[in-house]
Protein chains: 2
Amino acid sequence: MDGAAIVAWNLRRLRVPRGLSQEALAVDAGLDRSYIGRLERAVENPTVQTLDKLAATLSVRLIDLVMEPGAMRNAFIPMLK
Amino acid sequence: MDGAAIVAWNLRRLRVPRGLSQEALAVDAGLDRSYIGRLERAVENPTVQTLDKLAATLSVRLIDLVMEPGAMRNAFIPMLK
DNA sequence: TTGTGACTTACAGTCCGTC
DNA sequence: TGACGGACTGTAAGTCACA
């Protein structure tokens, strides 16, 4: 699983539960609607600057966009410790 | 601290202790020496594909390159548990 | 061993669409 | 609402010479 695929997976994981459409996310992040779609299909190779914008818009940290599926298992969750 | 600065910081943090020069890392990752230097000075805005190459070369995960200074505090370090 | 400027080529990202 | 395409522009990728 390469970086683009990981980002794609996280983008969907974070966007959908927030009830945001691709277009709404695009507008909020100052990006293009069709570009967001391509990111989620893992056909684009974003820069860290783009990831920064998306992380800020989704109110998450940069690392939350490059976290691999399954990594949640080892996540540090205070209330569980 | 933006994404480029975070990557720059992590690159130095991971490269130096391994006793690698910028040039050695560049060769191993299939990148140019001067480009590595610019990444470490945060004057470049790398794509995830570039980060992928570097992570593979350094034998770390993608998230280890976008981890913020201070986040090590919460890192999962088995020998400390 | 690294920083830096100059340069060309490849592609990130935009904007217009259709289905 | 999202998948997908074409044409375009800005900038990252990649190389080299020199301090």
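Owing to the predicted nature of the structure, the values given are computational and were not obtained by experimental measurement. (Residues numbered from 1 in each chain as written. Chains lettered and ligands numbered in written order. Predicted model: local features only at pLDDT ≥ 70, side-chain atom pairs only at ≥ 80, totals over all residues. Heavy atoms only, no water.)

Participant: What's the story with the protein's contact with DNA strand C in this structure? I'm lost.
Facilitator: Lining the immediate surroundings of DNA strand C are 23 residues, of which Tyr35, Thr47 and Thr50 of chain A together with Gln22 and Arg33 of chain B lie closest. Asn45 of chain A is positioned with one of its side-chain polar atoms (N or O) 3.1 Å from a phosphate oxygen of DNA strand C. Arg15 of chain B places a side-chain nitrogen or oxygen 3.2 Å from a phosphate oxygen of DNA strand C. Within the residue set of the surface near DNA strand C, elements represented by two or more residues are helix 3 (33–40) of chain A together with helix 1 (3–15), helix 2 (22–29) and helix 3 (33–40) of chain B. (Near = heavy atom within 4 Å. Polar contact = N/O pair within 3.5 Å; in protein donor to acceptor, adjacent residues only side chain to side chain. Helix = DSSP H or I, 4+ residues; strand = E, 2+ residues; numbered from the N terminus.)

Participant: Help me understand the UniProt feature "domain: HTH cro/C1-type" (unreviewed entry) in chain A in this model?
Facilitator: The UniProt entry lists residues 11–65 of chain A under the feature "domain: HTH cro/C1-type" (unreviewed entry), expressed in the numbering used here. Along residues 11–65 of chain A, the helical share is 58% and the strand share 0%, with 7 Å between the first and last C-alpha atoms. (UniProt positions renumbered as here; feature names shortened; annotations may be inferred.)

Participant: What is the right way to read the interface of chain B and chain A from this model?
Facilitator: By a widespread convention, an interface's size corresponds to the accessible area lost as its parts come together. Contacts between the two partners involve 19 residues from chain B, matched on the other side by 19 residues from chain A. Of the roughly 1500 Å² buried between chain B and chain A on both sides combined, carbon and sulfur atoms contribute 66%. Considering only the surface of chain B that becomes buried against chain A, Asn45, Val48 and Val66 of chain B emerge as the three largest contributors, covering 33% of it. Where chain B meets chain A, there are zero salt bridges. At the surface where chain B touches chain A, the tally comes to nine residue pairs in polar contact (both at pLDDT 80 or more). (Contact = heavy atoms within 4.5 Å. Buried area = accessible area lost by both parts, 1.4 Å probe. Salt bridge = Lys/Arg side-chain N within 4 Å of Asp/Glu carboxyl O.)

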